[in-house]
Each structure stands twice: as C-alpha cells, then as structure tokens.
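Inside the fold
Chain residues, written in single-letter form:
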Amino acid sequence: MIDVRRVCIIGAGSSGIASCRVLHARGIPFDCFEAGSEVGGNWRYNNDNGMSSAYRSLHAKSSRRCMQYAAFPMPGHYPDYLSHELIAQYLDDFVDHFGFREMIQFRTEVTKVEPTAGRGWDVTVRLRDTGAVRTERYSAVLVANGHHWAPQYPEPAFPGAGSFAGEQMHSHYYRTPEPLAGKRVLVLGVGNSACDIAADCSPVAARTLLAIRRGAHVVPQYLFGRPTDHLTLMRFGTRAPFRLQSFAVTLMLRIAQGNVTRYGMPKPERPVLCAPPTVSDSLLSKLDNGDIAVKPSIDRFHGDCVRFSDGSSERVDVVIYCTGYRVSFPFLDDAAIGTHGKRIPLYRRIVSPQLPGLYFVGLIQPIGAVMPIAEIQSEWIADLIQGNATLPPQQQMNHEIARYTAATVKRFGASVSHTIQVDFLAYMREIRKERQMGIRRARRARGQVLSIA
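Here goes a summary of the coordinates provided. (Residues numbered from 1 in each chain as written. Predicted model: local features only at pLDDT ≥ 70, side-chain atom pairs only at ≥ 80, totals over all residues. Heavy atoms only, no water.)

**Some thoughts on empty space enclosed by the protein**
In total, this model carries 1 cavity of 30 Å³ or more according to the counting rule given. Its volume calculated, the largest cavity comes out at about 40 Å³. Around the largest cavity, the lining residues are Val143, Ala144, Asn145, Gly146, His147, Phe329, Val361, Gly362 and Leu363. Of the residues assigned to the lining of the largest cavity, the class counts are 5 nonpolar, 4 polar and no charged. (1 Å grid on protein atoms, 1.4 Å probe; cavity = no way out; pocket = protein on both sides within 12 Å on 5 of 7 lines; lining within 4 Å. Points joined across faces, edges and corners; volume = space filled by probe spheres on them. Nonpolar A, V, L, I, M, F, W, Y, C, P; charged D, E, K, R; others polar.)

Structural data, given as structure tokens:
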C-alpha cells in the first residue's frame, strides 16, 4: 500500500463530496473544508455559506438517470427531474451511505492556498464561528468550490444604469416571485435561470419582459415521451459524429415545437449543441400566450425607463440580470495558477501543468450533468495521488490545452463563459482514456502491473 499524505478538498458541494467518496474508498486521508453548515453547495436552498443560487422553484435540467453518481444510483421512485430539495436529500444520503461526514469540517472557510518550497501546499482556514485561523500542510489540494456563486454583471454597465430609478439585482439573489407582485419586471438573459425566473414571476408581475441579446435553442424536458437527455446524450451522443448529433437534435426539436422564431425569439446564431441549450417546458407557451414579452438587448436606462436596441422603451420597476457567473478562486493567487484573460490553463480541465498537486474538480460546463463527471475526475486524481498513474510531459499537456482551447472557441465562440464547455459522454470517455494511458506510463516507469479501480 502506497503511503499517501493528507489531501485537502475545498467545498462539500456535489463535486467535493464526489472526491471525498473516492478518496475515502481508496484509503487516502483527507480533510474537506466547507464554509456552510451542510453539504450540497448550490443545491442547498438558502445555504448559509452564502454562495447558493438556488431559488424556490428550482429543478434540475438533467434527468435523474443522467445526473446520478455511478456509485450511488438514485432511488427508482424519484421523478425524472428532481427539485433542489430532493437533490439535497440525495447528496445527504450519499455522504451518510459512504460514511465520511465526520471528515468534512463545516463552517470552515479556506482563505489561502499557496505552494510550499517543496512538493506540497499550505492551506489556511478560518473557523466562521470563532474567527480562529490556522494553517496546515497537504500533499495535494482538490479545488471543488464550484463556479456558480460569484455573480457576473454586464461589463461595461449599460449607460444610465447607475441612476436607474428602479431596482437592479442578479439572479444569484432571486428566491421567490412574491416580492415582484404587481411590478414591471425585466429579465435579462436567455439561459436556464433567466427562463425559469421569467416564467416564475410572470403570474404575479404586472408585466414580464425577457431581454435577449442573442438567440438560443430552447429544449423541452421531454421529447416523444422520454426525458430529452436520454435521447440526446444516451442515444445520439454515444459514438455518433458531432454533425449527426446536431442534425438529429435539430430535427427532433423542429418536429416537437417548431422554430423558436415563431415565438418572437431571435434566431440562434449557432447550431444546436454549439451553444449551451436552454431547457424549459414553460417558456415557449408563455411567450405564445403573451405572459412574457421578448425584447432585444438593453441600450440604456433613463429614469424608470429602459430603452432597447430597437428603439422601443418600457417602464420597469425591477431588472434581474441573468448574466452568469465569474470563475473565482479567492484563496489562490492568479499569477501563481497562470490565469490568463480569466482562462485557467488546465490539462484535461483538471490538472495545472505548472503546479504539481493542484487539481480542479467540476470546473466544467457540460452539455449534461456535472456530478457523474466529478466522480470520474476524482478517480483519475486519486490514481495520480497514489502514484498508480502519471502525467505526460509538460509540453504534451500544454499542447492538449492549446488544442482544447482552439476547438472550444471554434465550436462555442470566444466567450469566456464557454471556455470550460465540454460534451458529457465525449469528456467522460476522454478521462477514462487518460486514466488508462496514465496507468501505462506508471507501469513502464516502475515495471509493475497496475489496473484501473
């Protein structure tokens, strides 16, 4: 048995506890630090870590079958699409089933992570209840703090936004529609949160507007009586070429609901699967019924009015920015991790080539669910920590990073928010293949026969 020193895991959300489970099963000692009082991260409604974006009506956009951990399938009586309450319960059950809750140090915030002179990392934490600070050393650090907690507002701000007479808020702070009753609400964006929030508040708001800067493909939760991702991921996403996948999904959407332009939405700029899809069963019907009105992008604010790029104006009481999130690691030094233009160069979206022992779990935006991906990422990381697998030379890792970046920009565009985009099954296959190659490299280096766990 290889002697492995302690590992630090930052965050006990769905990605962090996936890593905890794998390391616990391998007998690798670890400490997991969680700023809140419970596991669940973004799925924990009103999480006291202050970072959850969950609103009361939130449901998963991936189906149960595609979202569950391989090591802990969801109960068969669960619905196809789970509420945040059920997901939080599932994550609690996951932790208790595998018995590592006592290894999670709750209400403990990581404030600094820095490499030591040798191979190792100094991690400084602060106890939120007492304010006490301590620093401990670890052989490796797994960063699993998520990337949907630091609100991203439009940059630069729209002209006149600073003197707007109404209220402005980010979707991160939206919880329930009741405070919007009788108000004129403008939701900016066309992602999942934007469509959910617009649909959520439209029954109580005096008027609901959805300002869309660019078109998007709207995908229903069900196609032909089956959860959509069963078809798009599990069937067409197996080994079919990308163009065939895109054509098949486009055809199914046209048959099921027609073109989004007939509902007043702008034509999507990119083909299906070349941009994150918006999953909604209610948006198009509410547009068709006039419950929500589509407007183009905001041009400027003036008093209590919003002027749009087509020259029209509307009086508005509340603007909700559904403009995404910044990828943020306040405990890491940007220069140390090589951040360039908000892009973090990571081999296979996990490993920092320049900083041995630093790994990122769940730092991806899949067309599909994160949880199964975090699980397989953690298996590979455990291989590397135990020495069962090794990494390729740094030059080869840098080449893979450059190739991935170029391919991502070509497919999804140059937006920073798309630089962590991956395909669900293709990426899972990529990590499995990388595990096999890493084990072969270790075998050649040591002359031992090793196998994948």
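**Things to note about a nonpolar patch on the surface**
Taken together, the side chains of Phe224, Leu244, Phe247, Leu251 and Ile255 make up a nonpolar region of the molecular surface, amounting to roughly 550 Å² of accessible area. You can see Phe224 is positioned in the loop between strand E13 (222-223) and strand E14 (226-227). (Patch = residues over 30% accessible without salt bridge, like charges linked within 9 Å, V, L, I, M, F, W, Y side chains within 5 Å. Areas by Shrake-Rupley, 256 points an atom, 1.4 Å probe, with all protein chains shown as cover. Salt bridge = Lys/Arg side-chain N within 4 Å of Asp/Glu carboxyl O. Helix = DSSP H or I, 4+ residues; strand = E, 2+ residues; numbered from the N terminus.)

**Let's talk about helix H3 (residues 84-98)**
Because an α-helix packs 3.6 residues into every turn, residues spaced three or four apart end up facing the same way. Along its 15 residues, H3 runs 21 Å from first to last C-alpha, staying within 8% of the 21 Å computed at 1.5 Å per residue. Along H3, the residues that are buried comprise His84, Ile87, Ala88, Tyr90, Leu91, Asp92, Phe94 and Val95. Those residues of H3 that are buried are in contact with helix H1 (14-26), helix H2 (64-67), strand E3 (104-105) and helix H9 (371-386). Remark: Gly99 follows H3 within two positions and exhibits a positive phi of approximately 70 degrees. (Expected span 1.5 Å × (residues − 1). Buried < 20%, exposed > 50% of the residue type's maximum accessible area, 1.4 Å probe, protein only. Contact = heavy atoms within 4.5 Å.)

**Here's the deal with the sheet that holds strand E7 (residues 140-143)**
The strand order across the open sheet built from 5 strands is E3-E2-E1-E7-E22, with neighbouring strands paired in parallel fashion. The open sheet is flanked by E3 and strand E22 (358-360), the only strands paired with a single partner. Bridge count between strand E1 (residues 7-10) and E7: 4 bridges; the pairing is parallel. Bridge pairing in E7 places Cys8 opposite Val141. This element, H1, spans E1, strand E2 (30-33) and E7 of the sheet and lies at about 155 degrees to E1. (Pairing = 2+ DSSP bridges. Axes fitted to C-alpha atoms, helices over the stretch in contact; angles between N-to-C directions.)

**Here we look at H9**
Here H9 contains 16 residues, and its C-alpha end-to-end distance of 23 Å stays within 8% of the 22 Å for a straight helix at 1.5 Å per residue. Most of H9 sits inside the fold, with 16 of its 16 residues counted as buried. Looking one or two places after H9, you find Gly387, whose phi comes out positive at around 80 degrees.

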